[in-house]
Amino acid sequence: MKGYTRYFRNRILWYLLTFAVALVLNFVLPRLMPGNPVASIAAGVTESLTDSKAAAEMMEEYTRAFGLDKSLPEQFLVFIGNLLKGDLGVSFRRYPTPVVQILKESVPWTIALQLPAILTGWMLGNLLGAVAAYRRGVFDRAIFPAFLFVGAFPSFGLAIILLFVFGIMLRVLPTSGGYGFDLIPGFNLQFIASAVRHYQLPFWSIVLNTIGGQAIGMRSMSIYELNADYVKYSRFLGIRDRRIVGYVFRNAMLPQVTGLALSLGTMVGGALVAETIFSYPGIGSTILSSIKAQDYPMISGATLFITVGVLLANLVIEILYGFIDPRIKANQQE
Amino acid sequence: MKHRLRTTFQNTNFVVGFSILVLLLLLTFVTPLFMQGSPLDMVGTLFNKPGNYVNRMGVIDAPKYPMSIEVASIRLGAAVSNDEAKQMLEWLEKSELDVEWKGLDPEKDRAAIVELFLANYDDSIRLPGTSAYRKGFTRLYNKVQNLLSADGYVVHVADPDSESGYREVGKIESRDFTNVKDVPARRFFLLGTDNFGRDVFHELISAIGNSLMVGLIAGSIATTIGLLIGLTSGYVGGWLDNFLTFVTNMFTVIPSFVILILLSYSISSSSRSIVVVAFVIGLTAWPWTARSVRSQTLTLKNRDHVNISRLSGFGTVRIIVTDILPYVLSYVVMAYILQISSAILAEAQLSMLGLGPSTTTHATLGLMLSWSMQFQAPLSGAWWAFIPVVLSIALISFSMNLMNTGLDQVFNPTLR
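All residue numbers here refer to positions counted from 1 along the written sequence of the relevant chain. Chain A is the first chain written and ligand 1 is the first ligand written, with later ones labelled in order. Residue-level local features of this predicted model are given only where pLDDT is at least 70; pairs of side-chain atoms are given and counted only at 80 or more, and the full residue set underlies all totals for whole chains, interfaces and linings. To get the side-chain values, all heavy atoms of the structure are used, and hydrogens and water are removed first.

The next subject is the overall build of chain B. The numbering of helices and of strands both runs from the N terminus, where a helix is a DSSP run of H or I of at least 4 residues and a strand a run of E of at least 2. Scanning chain B from terminus to terminus reveals 16 helices and 6 strands. Two things to know: the radius of gyration comes from C-alpha atoms, and the globule rule equals 2.2 Å times the number of residues to the power 0.38. A globule of 416 residues ought to have a C-alpha radius of gyration of about 22 Å, yet chain B, at 33 Å, is considerably larger. Viewed in the frame of its principal axes, chain B has a C-alpha envelope of about 110 × 50 × 50 Å. When burial is assessed residue by residue, chain B has 45% of its 416 residues classed as buried. Exposure categories follow from relative accessible area, calculated using a 1.4 Å probe and restricted to protein chains: below 20% of the type maximum is buried, above 50% is exposed, and the middle band is partly exposed.

Right, here's the structure in full:
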């Protein structure tokens, strides 16, 4: 266990450092914008306000939110201080709702959609990839290009096609929203049934995309492992085929786990855009409407949340990896 | 080198992927020669469906050929749907007139139903139900009123001298036909028009070209940065390697999607041209190329030929270029191909979020998709405005993935 503690401590420290860098990026990037960001953003918003007092208040709010009267390091300290208090500023679009409040509304939807979808797609993809590698022959020859083709569709592209086929041509599933527009979110049967129906299309568009991508990787890893010396040796020893396949699968899985960690950010990005196709009430749609409304604090808050989410997921994967791969423990104990 | 190229072009996966890509490229170069105008000319109106459009005045002007083809039933079949025939039967039933409507099938006896409905329809009979329900029948009657008549149309032009204000210039008989080729003003829309009335096919071809350009620029930038960082950190080692690996690992974990959103948002929309967007994508996509180049370089670093060069006193740059680069090149090419296709996807994603290139003179695949979504193309049933775009994106990444798999099989023979 000693080796593990050290490994985990190192990883957690590393992720904290990465988070710090992400924070700095989140703070610095928008301030690279030439000119005064407040003026250009505020101009767009206050234009529509007829009440001059409200417009002035809005301007003040913006300046306060950006803290532009202070120097850059000072601004950063304020930014961190507010963050520690759980304050990400106030949304411009839904003034005066705090950003954290809006995040609280949309985050559960995104997590409930993406976590199961990516995991399901990942598992199915690995399974199909391993089977294709093991069986070879017709199964492989037919299914491999199919994976490749389906995997080539971005999840938002699949989303559009699924929406058109099942939502509009066949009219079997709802096309937008997370639940029926006539319902109030609550814990009752009608709401849950509606939410499940609205869940189908976004869910499958993410799953299909993930299956395609993962199956290809798993297939080539499995083929590589099947040709390894230990497999030949095991066959030579007369170990049953099933057991060998078990070994192969386990070894081929390891790079797939790392692969999941590496591609997680990309997958989440694609899935967020897929959300917007269905106006699913998650973070993706929130980002879309914030971009349209030039709601800067909201964009910053949402991207910060995605970063934290992806970092945490990566950390979890790495910790799991530490348990799956015995070499890690061995390395640490040297 | 020659041998490698030959084996590469013997690999089916690579060849298929390569051919698709070459075909797409050819399409973007050759088709503009046959198209009139700019790809973004707004020639049509909102979501015109695909087909050959001919000018209606031109049809009247063109020579006519009377033909003995039964036209009435064809017009009827096209104009009256199954549901409308059912609606007529419903009226006949509810009006309680003494008409033999029973046994008529809306599918087969459509002409008979319409005839019966026309003969018996009477506005003054009030059916039970809402007024909207009753108005539905009136609308239906007005629609089919002229369908069965064999009298044809009379064409008039405005003429202030005549008594009625109109002068007859021609007659269109129900049996008259015109050769479409005789109509001079016509336009063929292979994929209809989009929400702005632009020719989708023409627009799509130029969008494929622009998107490939985005991919090429972004991919080149990402690959160059990744290659430089990977080679330096792998070969030089020491604190520089530690630092560069640290930075690279960091940026592989921080989602590049997030950095893309923040960066694109920071660039004011007026300066966000296609090239700028491509640059931004390229600047965020290098980390995993750097990673794989570094690990490749590490395995090469202590090979004999590198050691000999080092002993001979060659400089670091020269060793990297002559002794290491040729060995990592195959991986770099593969990474480059993947970078291009993921950059095209990244552009599409950004455009869907409204952070793509802000231009009205050029189309990209992402912009086309974003426009059609903003104008609710799926709800209008305008499949031609988005399905071809999605398919093009998929086809491009499919062809590149195929090429990549092919190269993988060539360089790692165990995979074959």
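On we go from here.
Scanning chain A for helices and strands turns up 13 helices and 0 strands. Across chain A, helices and strands are ordered from the amino to the carboxyl terminus as α-α-α-α-α-α-α-α-α-α-α-α-α. Within the span of chain A, comprising 334 residues, buried residues form 48% of the whole. The contact criterion used throughout is that any non-hydrogen atoms of two residues lie within 4.5 Å. Residue pairs in contact within chain A that sit at least 24 positions apart in sequence constitute 74% of those at least 6 positions apart. Note that accessible areas follow from Shrake-Rupley with a 1.4 Å probe, and for residues the cover is restricted to the protein chains shown. By element, 66% of the accessible surface of chain A is carried by carbon and sulfur atoms, the whole surface being about 16,800 Å².

We now examine the domain arrangement of chain B. For chain B, the domain assignment lists domain 1 (2-43 + 195-411), domain 2 (52-63 + 156-188) and domain 3 (72-144). Of note, the centres of domain 1 of chain B and domain 2 of chain B, computed from C-alpha atoms alone, are 53 Å apart. What counts as a domain boundary in this text is fixed by an automatic or database domain assignment.

Turning our attention to the interface of chain A and chain B. Contacts between the two partners involve 54 residues from chain A, matched on the other side by 46 residues from chain B. Accessible surface is computed with a 1.4 Å probe, and the buried area is the amount of it that two parts give up when combined, taken over both parts together. The contact between chain A and chain B buries some 4,400 Å² in all, and 82% of this surface belongs to carbon and sulfur atoms. Note on definitions: salt bridges are taken to be side-chain nitrogens of Lys or Arg within 4 Å of carboxyl oxygens of Asp or Glu. In this assembly, chain A and chain B are joined by 0 salt bridges. Here a polar contact means two N or O atoms within 3.5 Å. Within protein one must be a hydrogen donor candidate and the other an acceptor candidate, and residues neighboring in sequence count only if both atoms are side-chain atoms. At the junction of chain A with chain B, the criterion picks out 2 residue pairs in polar contact (both at pLDDT 80 or more). Those elements that provide at least two residues to the side of chain A that touches chain B are helix 1 (2-31), helix 6 (137-152), helix 7 (155-169), helix 8 (189-226), helix 10 (241-277), helix 11 (283-292) and helix 12 (296-324) of chain A. For the side of chain A that touches chain B, the element with the highest residue contribution is helix 1 of chain A, accounting for 10 residues. All amino acids are sorted into three groups, where Ala, Val, Leu, Ile, Met, Phe, Trp, Tyr, Cys and Pro are nonpolar, Asp, Glu, Lys and Arg are charged, and the leftover types, Gly among them, are polar. Partitioning the side of chain A that touches chain B into residue classes produces 38 nonpolar, 14 polar and 2 charged.

So, about the packing of helix 8 (residues 200-236) of chain B against helix 11 (residues 274-284) of chain B. Residue and element names in this part refer to chain B. All axes are obtained by fitting lines to C-alpha atoms, using only the stretch in contact for helices, and the reported angles, taken between N-to-C directions, cover 0 to 180 degrees. It is the contact of helix 8 with helix 11, at a shortest axis distance of 8 Å, that shows an interaxial angle of 35°. When you trace helix 8 past helix 11, the crossing you get is right-handed. On helix 11, the residues that touch N210, M213, V214, I217, A218, I221, A222 and I225 of helix 8 are I274, V275, A278, F279, I281, G282 and L283. Within the contact of helix 8 with helix 11, the residues separate by chemical class into 13 nonpolar, 2 polar and no charged. Take the far helix as the reference: if the near one is turned anticlockwise from it by less than a right angle, the crossing is left-handed, and if turned clockwise, right-handed.

Here we come to a nonpolar patch on the surface. All names here are of chain B. Together, L5, F9, V15, F18, V22, L23, L25, L26, F29, V30, L33 and F34 give the surface a local cluster of nonpolar side chains, amounting to about 1,200 Å² of exposed area. Take the nonpolar patch: its biggest share by element is 10 residues, from helix 2 (residues 12-34). Relative to the helices and strands, L33 resides in helix 2. Patches were defined on residues exceeding 30% relative accessible area and lacking a salt bridge, with like-charge contacts within 9 Å and nonpolar side-chain contacts (Val, Leu, Ile, Met, Phe, Trp, Tyr) within 5 Å.

Turning to the confidence of the model for chain A, a few remarks are in order. Parts of the prediction with low pLDDT should not have their coordinates interpreted in detail. pLDDT is defined as a per-residue confidence score from the predictor, taking values between 0 and 100. For chain A, per-residue confidence averages 82 on the pLDDT scale, and residues scoring 70 or more make up 90% of the total. Ranking the helices and strands of chain A by mean pLDDT puts helix 7 of chain A first, with 91, and helix 2 (residues 37-46) of chain A last, with 62.

So, on to the packing of aromatic side chains. All names here are of chain B. For this analysis, a ring pair means two rings from Phe, Tyr or Trp (six-membered ring only for Trp) whose centres lie within 6.5 Å, classed as stacked if their planes differ by under 30 degrees, edge-to-face if by over 60, and tilted for the remaining angles. Under the defined criterion, the tally for this structure stands at 28 aromatic pairs over all chains. Residues W91 and Y121 carry aromatic rings whose centres are separated by 5.0 Å and whose planes lie at 45° to one another, so their mutual orientation is tilted. Highlighted residues: W91 in helix 5 (residues 82-94) and Y121 in the loop between helix 6 (110-120) and helix 7 (131-144), separated in sequence by 30 residues. A relative accessible area of 1% places W91 in the buried class. Summarising the aromatic geometry, the rings of F251 and W286 are spaced 6.1 Å apart at their centres and angled 50° between planes, so their arrangement reads as tilted. Residue F251 is found in helix 9 (residues 238-253), and its partner W286 is found in the loop between helix 11 and helix 12 (287-301); the two are separated by 35 residues along the sequence.

The next point concerns the packing of helix 14 (residues 316-352) of chain B against helix 15 (residues 365-374) of chain B. Residue and element names in this part refer to chain B. Put simply, helix 14 and helix 15 touch, their axes get as near as 7 Å, and they point 30° apart. In this view, helix 14 runs roughly parallel relative to helix 15, as classed from their interaxial angle. Seen from above, helix 14 lies across helix 15 with right-handed handedness. For the pair helix 14 and helix 15, contact is made by E347, A348, S351 and M352 and by L365, G366, L367, L369, S370 and M373, respectively. Residue composition of the contact of helix 14 with helix 15, grouped by class: 6 nonpolar, 3 polar and 1 charged. Just so you know how the angles are binned, under 35 degrees is roughly parallel, over 145 roughly antiparallel, 65 to 115 roughly perpendicular, and the rest oblique.

This part takes up the pattern of salt bridges. Under the defined criterion, the tally for this structure stands at 8 salt bridges over all chains. Note that A:D241 and A:R235 form a salt bridge whose closest N and O atoms lie 3.7 Å from each other. Taking the shortest distance from any N to any O, the salt bridge between B:D159 and B:R167 comes out at 3.2 Å. Residue classification places B:R167 among the partly exposed residues on the basis of a relative accessible area of 43%. Each of B:D194, B:R198 and B:E203 takes part in salt bridges that share partners, so that together they form one network.

This part takes up the nonpolar core. Residues B:I281 and B:L369 are the most contacted members of the largest nonpolar core, which totals 135 residues. Take the buried Ala, Val, Leu, Ile, Met, Phe, Trp, Tyr and Cys residues and link them wherever side-chain atoms come within 4.5 Å; each set so joined is a nonpolar core. Membership of the second largest hydrophobic core comes to 18 residues, among which are B:V80, B:W91, B:L92 and B:V114.

Residue and element names in this part refer to chain B. Along the chain, T31 falls in helix 2. Judged by relative accessible area, T31 falls into the buried class, the value being 15%. Here T31 is in contact with L26, F201 and I205, once residues within four sequence places are set aside.

Turning to the confidence of the model for chain B, a few remarks are in order. The share of residues in chain B with pLDDT of 70 or more is 98%, and the mean pLDDT across the chain is 86. Across the interface, the model reports ipTM at 0.85; the global pTM reads 0.86.

What follows covers the side chain of A:N26. When you line up the elements, A:N26 lands in helix 1. In this structure the side chain of A:N26 is engaged in a polar contact, spanning 3.1 Å, whose partner is the side chain of A:S300. With residues up to four places along the chain from it excluded, the contact list for A:N26 reads A:Y296, A:S300, A:T303, A:L304 and B:L262.

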